[in-house]
Amino acid sequence: MSVLVVGARGAVGGGVVRGLLERGVEVVATSRRPEQLDLPASVRTAAADHDEPTSLTPALVGVDRVFLYADTSDPEGLLAVVAAAGVRHVVLLSSSAVTFPGAHDDFNGARFLRVEAAARASGLEHTFLRPGAFAANAAHWSWSVRRGTPVPLPYPDAVQAPVHERDVADVAVAALTGDSLTGCAPVLTGPERLTLRQQVDVLGQVVGRPTGVHEQTEEEAFALLSQHVPEVWARQLIGDWRRAVGTAPALSAEYERITGRRPRPFRTWVEDNVALFR
């Protein structure tokens, strides 16, 4: 069996590559900049841009299964190319946003729903992974933590169940190396509910330097975020935080059901990435 991992430089994609290699699976890895991939010589690499579907064609030769990010401007074209290459099964990194009420009218929900629909229409066997908020989003606070200044947030009491990217990669590997998850769409979360404020507290505890929160107005948060991400993403993020205040998001049991292990807590993610904050 040969598996293509699209976006192998990403946090989840890189974990998928490592997990497949541990199982002795033949791996093909693509990236817009394959020369920057740090992978064993046994991994065939290729340049590809999933916004240009035909760029994947050379990498798909002989491939049985594909791990695919949903962040593409042409999902219909991309899935058509994958199907035409004779691929059997695609594992799509989607989002739990597709499960929320009003997902079709939501920026994140709508774009992920479109890719899921394209996968269904392609005729490929498929598995959709639907993680919630990633623990790795805390990496955006690293500049504040390193400087010893409070982390600026408009809604520090927004509640999440942050999921470690390694948990998502583990489930992807299970889907790519067996058939038990074909047609499934597991929602993946971390094992605990934490406010953003509590996440900042955990960071301070692990780093050994207490780090507080500076509460922003929405306008201040938008001005800061839009310097780094498109405005539509900044508005989406602020809106998500606003709606999450006082909530109790469901904790998924899917990771434990699929892998037999407990999901990794947020503290583990911080410990795994502590160098970012020092």
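Presented here is a report on the structure given in the accompanying data block. (Residues numbered from 1 in each chain as written. Predicted model: local features only at pLDDT ≥ 70, side-chain atom pairs only at ≥ 80, totals over all residues. Heavy atoms only, no water.)

On to helix α3 (residues 107-122), then. With 16 residues, α3 should reach 22 Å at 1.5 Å per residue; the first-to-last C-alpha distance of 23 Å fits that figure. Those residues of α3 that sit buried are Asn108, Gly109, Phe112, Leu113, Val115, Glu116, Ala118 and Ala119. Sitting at the head of α3, Asp106 places a side-chain oxygen 3.0 Å from the backbone nitrogen of Asn108. (Helix = DSSP H or I, 4+ residues; strand = E, 2+ residues; numbered from the N terminus. Expected span 1.5 Å × (residues − 1). Buried < 20%, exposed > 50% of the residue type's maximum accessible area, 1.4 Å probe, protein only. Polar contact = N/O pair within 3.5 Å; in protein donor to acceptor, adjacent residues only side chain to side chain.)

We now examine the packing of aromatic side chains. Two measures describe an aromatic ring pair: the distance that separates the ring centres and the angle between the ring planes. By the definition in use, this model includes three aromatic pairs. Measuring from ring centre to ring centre gives 5.6 Å for Phe67 and Tyr69, while their planes differ by 75 degrees; the resulting arrangement is edge-to-face. Residue Phe67 is classed as buried on the basis of its relative accessible area of 0%. Classification of Tyr69 as buried rests on a relative accessible area of 19%. Pairing Trp269 with Phe277 gives two aromatic rings, centres 6.1 Å apart and planes at 75 degrees, and the pair type is edge-to-face. Of the two residues, Trp269 and Phe277, neither departs from the other in class, the shared state being buried. Just above the ring of Phe222 sits the side chain of Arg235; from NZ or CZ to the centre is 4.1 Å. (Phe/Tyr/Trp six-rings, centres within 6.5 Å; stacked < 30°, edge-to-face > 60°. Lys NZ or Arg CZ within 6 Å of the ring centre and 35° of its normal.)

As a further point, take the sheet that holds strand β5 (residues 89-93). If you walk across this open sheet you meet the seven strands as β3-β2-β1-β4-β5-β6-β9, and the pairing is parallel. Looking at strand neighbours, the two that pair on one side only are β3 (44-47) and β9 (187-188), the edges of this open sheet. Sheet contacts for α3: β5 and β6 (125-131); angle to β6, the most-contacted strand, approximately 165 degrees. (Pairing = 2+ DSSP bridges. Contact = heavy atoms within 4.5 Å. Axes fitted to C-alpha atoms, helices over the stretch in contact; angles between N-to-C directions.)

Taken as a whole and judged by the stated rule, the model has 18 salt bridges. Two residues, Arg264 and Asp167, come together in a salt bridge whose shortest N-O distance is 2.5 Å. With Arg264 in the loop between α9 (254-259) and α10 (266-272) and Asp167 in helix α5 (residues 165-176), the pair connects residues that are 97 residues apart, well separated along the chain. Each member of the pair, Arg264 together with Asp167, is buried. Arg257 is paired through a salt bridge with Glu254; the nearest N and O atoms lie 2.6 Å apart. (Salt bridge = Lys/Arg side-chain N within 4 Å of Asp/Glu carboxyl O.)

In this structure, Val5, Val12, Val16, Leu20, Phe67 and Leu129 are the most contacted members of the largest nonpolar core, which totals 29 residues. Elements with a contribution of two residues or more to this core: β1 (2-6), α1 (11-22), β2 (26-31), β4 (65-69), β5 and α5. Element by element, the count of residues in this core is highest for α5, at eight residues. Sequence-distant contacts of Val5, defined by excluding residues within four places in its chain, comprise Gly13, Val16, Val17, Leu20, Val27, Val28, Ala29, Thr30 and Phe67. (Core = buried A, V, L, I, M, F, W, Y, C linked by side-chain atoms within 4.5 Å.)

All right, on to the side chain of Thr211 then. Among the structural elements, Thr211 can be located in the loop between α6 (196-207) and β11 (213-215). Looking at Thr211, its side chain comes within polar contact range of the main-chain oxygen of Arg209, at 3.1 Å. The residues contacting Thr211, other than those within four sequence positions of it, are Val145, Thr149, Val151, Val200, Asp201 and Gly204.

Okay, the pairing of β1 next. The element β1 is extensively covered by neighbouring structure, given that five of its five residues are classed as buried. The alternating pattern of β1 places Ser2, Leu4 and Val6 and Val3 and Val5 on opposite faces, both of which are buried. Direction of pairing for β1 relative to β2: parallel, over a ladder of five bridges. Within the sheet, the bridge partner assigned to Ser2 lies in β2 and is Glu26.

This part is about the pairing of β5. Counting buried positions along β5 gives five out of five residues, so the element sits mostly inside the fold. Going residue by residue along β5, you find His89, Val91 and Leu93 tucked away on one face and Val90 and Leu92 tucked away on the opposite face as well. Following the backbone out of β4, through helix α2 (residues 75-84) and into the adjacent parallel β5, one traces a crossover that is right-handed. The pairing of β5 with β6 spans five bridges and is classified as parallel. Counterpart to Val90 in the pairing with β6 is His126. The parallel pair β5 and β6, bridged by α3, forms a crossover whose chirality is right-handed. (Right-handed = clockwise from strand over helix to strand, strands pointing away.)

So, on to the environment of Trp141. Relative to the elements of secondary structure, Trp141 occurs in the loop between β6 and α4 (142-147). Residue Trp141 is classed as buried on the basis of its relative accessible area of 9%. When the C-alpha positions of Trp141 and Phe266 are compared, they lie 14 Å apart, and in sequence the two are 125 residues distant.

Another point: the environment of Arg166. Tracing the sequence through the fold places Arg166 in helix α5. Arg166 gets classed as partly exposed once you look at its relative accessible area, which sits at 36%. Distance in space between the C-alpha atoms of Arg166 and His89 is 21 Å, their sequence separation being 77 residues. With residues up to four places along the chain from it excluded, the contact list for Arg166 reads Arg264 and Asp272. Polar contacts involving the side chain of Arg166 include one to the side chain of Asp272, which spans 2.8 Å.

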